[in-house]
Amino acid sequence: MLNKNTEKYNKFAARNGVAIPIIQRDYVQGADVNFEKRDKFIKKLLDALLNRETCELHFIYGSTDMTKTSEPYFQPVDGQQRLTTLALIGWLLNQKCGLKYSGCLKPLTYTSRPSTEQFCKLMHEFKLPEKYVPSISDYIKNVPGWFSESWKLDSSINSMLEFLDKADFVLGSEPYKDHIEDMADTFFNDSPFEFENLDMENLDLNDDLYVKMNARGKLLTPFENWKAEFEDFLGINFKNVKYQFGDIPGMPDTPTLKEYFEYSIEHDWCDMLWPKAYSRWQAKSEEEKKKILYPSIDEWFMNLLDYVSQFLMFATMPDAETVYKNSGLKNMKDLYTYEIDRSRLEVYKDKENVIKLFRILDLLVGIYKRYEDFGTFMSRYFIATSSTARLEKEEERHKVNLFDYNIDLVSTCLEMGTDMDIAFQIILWSFFQWMLSHSEELLPDSDIVASTDYLRVMTGWVRGRRQRLTNGYSVGANARLADFHEADNISRKLSTATNMFETLLGTTEKSLEDERVKCRLYDKPNFDIIRELSTCRPLYYSFGLLMPSIISCTDTERYIKRFYGFWAMSDTERVQSLVGCGFKGIRPYVDCWFFGMTGRWDYLLTIGKDDRGFDNAVEAFTHLMNDDSPIRYSYDSMAYYMVNYKEFVEANKEGVMRHYFRHDADNEFTVWTIKSPKTKPWQGYNTDPYAYTVRKLYESGGSHEYELSDWSDNAEHGALYIRTEGSESDAMYMECYPKGWEIGIRDKRQKVTRKFGDRFETISDAEEHTVGFRDVEKKFSFDGIVLLDLPGKDRVQTALDFLEAIL
């Protein structure tokens, strides 16, 4: 038989308190939405007290087997709503009697939601004044110091306050208002409320039965679980450790870590998230609101927590790559996420990590209180634009450009947590490090030059961790979780330095070499170039190529304008400009040269000392930025044709890889344009830029009765093909070689070849094979079948003159 007995509420509540367990739902019996049932129940309870009539409340199921503190607490499985309502009636009557009955009954608490638990604890010690307007709930919500903004959106707390307001109103009316003292005496000493108590204390039952008996049962969210665990963790591991960076209203002594956590997690830390959560919730449809019931910050807070916790964990792992490789896990991130509940506590065994977490949360509270929006504050330091034009506002030219990323890194972190881009996780961490050492920057008029210089260094450092992929000529960010250790060390060192640049110059990390080179210009006018060009994405990556010219620059304003002018050019103009300054291209493969193109300029601008073509690229950019006179090339140089004929540069206009050429190192006339980085000259269709240039220029002169084409396939590098319009076969071709244009006849019957025969004699060998040509008018010269360049004219001009002669 189950142990059942009927007892009065006052005897039950005097023996043990009530702790609503985690399987229970929120308190809803007192809510305004249930006003019809609630108001009838209130009247039923008050009538029973007024008339001293027994009021049966049926069964109460639960167990006193577990303890909340040192005293046993009854944990109801069924009866939660009724026990909460009775406790609220007792609280209200005690308040109206000047707290005469305090201590008579044990308190009620909620373990189903930490915010509700904290509210119940504080309400147990609360004292209402004699006069409060307009209502109990309004007074309580506006008491300074302890009522959290987030509690306003706690469903159980709202229901409790709504119940108290209604019960207070009813008690102040007839027939109850003149009998409150007697009703209170009855409630606390001879309660009319009886129920049959099913006590499972001696039964071998577990939580499974609790859930089965109450289909409304629910589990805590990860946020609520973590709060409870972390509170216990702090009490066990750092019982008497003080938190020197904050205080608690009304507490004169410095709080312990646990005390500060208990207060802040229910107040400031969560309050800063509620306005955003509430506005998001308000924007939802009524149907969505019915499903969600109330706003929640749980996921946002846990995302922030995991970001900080994961960063702190990897910051202490200089050998993260080795640990990961030996772990057997699929991803490095799994070192944190595989047993995430353990990770969320393990990292905080170091007291300094607890303090760092608290300080970051306090920092965010400080930003929110002053600016009410994280993005507004961070816009002082960051911009986000992909424009390659010079920024119009001078005050933005020294900010750090996040390009396509949201400058509100904090909100991005709240939304994404550890899924946030690795590079921007490091930038956000660097921002936190600086602000923790420079709290004066929370003031709106503070000088932020030093901070933007620091953030620019850290952003440059993380962007320098990139991967250049020859296949596709792309550059990708290569920051990894393993970089968190070095990022934490560098950011702490620089953010706390009296002089960040002096400290930077004293560093030895190889990864900071590019930043050290830049900072040697600090305090010189030329440093303005570094500050401003850093806001332009393609320019940002080109410092390795620009440094010699930046160092020697004598007019920074003209220098900056010159580079913006260079970037305002089209791809073709840009290539021609660089080639005109001596650029020969970079060589990702043997005998392949790349000159830059839309979407691929980063690949060119990020080349390093180990890349083939770096030295001549530096020389070309120095020549360009010094505004030196263009180089004069001879006709036998491919650079001459690139500079003088835009068609040459655009020969592969339809291909994926424009401005990408292949030729033997000692032969710049037999050239292929490659359509993709994987294409080999002998596979697929290629183009000879000399032939393409001739065709485009010839066709631009007007309509003709002949068709010219310049594609090639298989082993042919490309040629200019000529046929009579409408013909199905080519009449002849012109193929570019080092000596000149090789002339080949394919169909002697077409008009063009007949005209060619009228002007040019064919020289044949004994076997009647064509071995050469002779111009009867003696304008053109041949070496065998190769048309030589005309005196004073280049290869393209010679071909155009030749076409004019035969077409």
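Below, the structure is looked at part by part. Please read these numbers as outputs of a predicted model, since none were measured by experiment.

Criteria and cut-off values
- Residues numbered from 1 in each chain as written.
- Predicted model: local features only at pLDDT ≥ 70, side-chain atom pairs only at ≥ 80, totals over all residues.
- Heavy atoms only, no water.
- Helix = DSSP H or I, 4+ residues; strand = E, 2+ residues; numbered from the N terminus.
- Rg over C-alpha atoms; globule rule 2.2 N^0.38 Å.
- Buried < 20%, exposed > 50% of the residue type's maximum accessible area, 1.4 Å probe, protein only.
- Areas by Shrake-Rupley, 256 points an atom, 1.4 Å probe, with all protein chains shown as cover.
- Lys, Arg positive; Asp, Glu negative; His and termini not counted.
- Charge placed at Lys NZ, Arg CZ, Asp CG, Glu CD.
- Axes fitted to C-alpha atoms, helices over the stretch in contact; angles between N-to-C directions.
- Parallel < 35°, antiparallel > 145°, perpendicular 65-115°, else oblique.
- Contact = heavy atoms within 4.5 Å.
- Nonpolar A, V, L, I, M, F, W, Y, C, P; charged D, E, K, R; others polar.
- 1 Å grid on protein atoms, 1.4 Å probe; cavity = no way out; pocket = protein on both sides within 12 Å on 5 of 7 lines; lining within 4 Å.
- Points joined across faces, edges and corners; volume = space filled by probe spheres on them.
- Pairing = 2+ DSSP bridges.
- Polar contact = N/O pair within 3.5 Å; in protein donor to acceptor, adjacent residues only side chain to side chain.
- Left-handed = near helix turned anticlockwise from the far one by under 90°.

### Comments concerning the overall build of the protein chain
Then comes step 1: The number of helices and strands found in the protein chain is 37 helices and 23 strands.
Then comes step 2: Whereas a compact globule of 807 residues would reach a radius of gyration of roughly 28 Å, the protein chain reaches 40 Å, over 25% beyond that.
Then comes step 3: Overall, the C-alpha framework of the protein chain stretches about 135 × 60 × 50 Å when taken along its three principal axes.
Then comes step 4: Here the protein chain holds 807 residues, and the buried ones make up 54% of them.
Then comes step 5: Accessible surface, the protein chain as shown: approximately 37,500 Å² in total, 48% of it carbon and sulfur.
Then comes step 6: Across the protein chain, the centroid of the 101 positively charged side chains sits 1 Å from that of the 130 negatively charged ones.

### Some details on the packing of helix α36 (residues 751-759) against helix α37 (residues 795-806)
To characterise two packed helices, one gives the angle between the axes of the helices and the distance between these axes.
Then comes step 1: As a packed pair, α36 and α37 sit with axes 8 Å apart at the nearest point and diverge in direction by 100°. With respect to each other, α36 and α37 are oriented roughly perpendicular. Contact residues: α36 offers Val752, Lys755, Phe756 and Arg759, while α37 offers Phe802, Ala805 and Ile806.
Then comes step 2: Of the residues assigned to the contact of α36 with α37, the class counts are five nonpolar, no polar and two charged.

### Considerations on empty space enclosed by the protein
Then comes step 1: In total, this model carries two cavities of 30 Å³ or more according to the counting rule given.
Then comes step 2: For the largest cavity, the calculated volume is near 50 Å³.
Then comes step 3: Contributing to the lining of the largest cavity are Arg456, Val457, Phe501, Glu515, Lys518, Cys519, Phe527 and Ile530.
Then comes step 4: Ranked by residues supplied to the lining of the largest cavity, first place goes to helix α25 (residues 513-519) with three residues.
Then comes step 5: Residues belonging to the lining of the largest cavity are distributed by class as follows: five nonpolar, no polar and three charged.

### Looking at the sheet that holds strand β23 (residues 786-788)
Then comes step 1: Sheet architecture is open: six strands sit in the order β15-β17-β18-β19-β23-β22, paired in antiparallel fashion. With partners counted over all chains shown, the strands left at the sheet margins are β15 (706-709) and β22 (782-783), one partner each.
Then comes step 2: Note: strand β19 (residues 740-745) against β23, three bridges, orientation antiparallel. Opposite glycine 740, over in β23, you have leucine 788 as the bridge partner.
Then comes step 3: Of the strands in this sheet, β15, β17 (720-724), β18 (732-736), β19, β22 and β23 touch α37, which is tilted by about 170° from β18.

### What to know about unusual backbone geometry
Then comes step 1: Residue proline 134 is bonded to the preceding valine 133 through a cis peptide linkage, with omega at -10°.
Then comes step 2: Relative to the helices and strands, proline 134 is located in the loop between α4 (114-124) and α5 (136-141).
Then comes step 3: The backbone of aspartate 627 shows a phi angle near 60°, a positive value even though the residue is not glycine.
Then comes step 4: If you trace the backbone, aspartate 627 turns up in the loop between α32 (614-625) and α33 (638-644).

### Some words on helix α35 (residues 689-699)
Then comes step 1: A large share of α35 lies buried, amounting to eight of its eleven residues.
Then comes step 2: At the N-terminal end of α35, a side-chain oxygen is found 3.1 Å from the backbone nitrogen of tyrosine 690, two or three residues along, and the residue is aspartate 688.

### Comments concerning the pairing of strand β21 (residues 770-775)
Then comes step 1: Bridge count for strand β20 (residues 760-764) against β21 is five bridges, and the pairing is antiparallel. Across the sheet, the residue bridging to serine 764 is threonine 770, located in β21.

### Let's talk about the packing of helix α3 (residues 80-96) against helix α7 (residues 180-189)
Then comes step 1: The geometry of α3 relative to α7 is characterised by a closest axis approach of 10 Å and an angle of 135° between their N-to-C directions. Our classification of the angle between α3 and α7 gives oblique. Considering how the two elements wind past one another, α3 and α7 form a crossing that is left-handed. Here α3 contributes Leu86, Ile89, Gly90, Leu93, Asn94 and Lys96 to the contact with α7, which in turn contributes Ile180, Met183, Ala184, Phe187 and Phe188.

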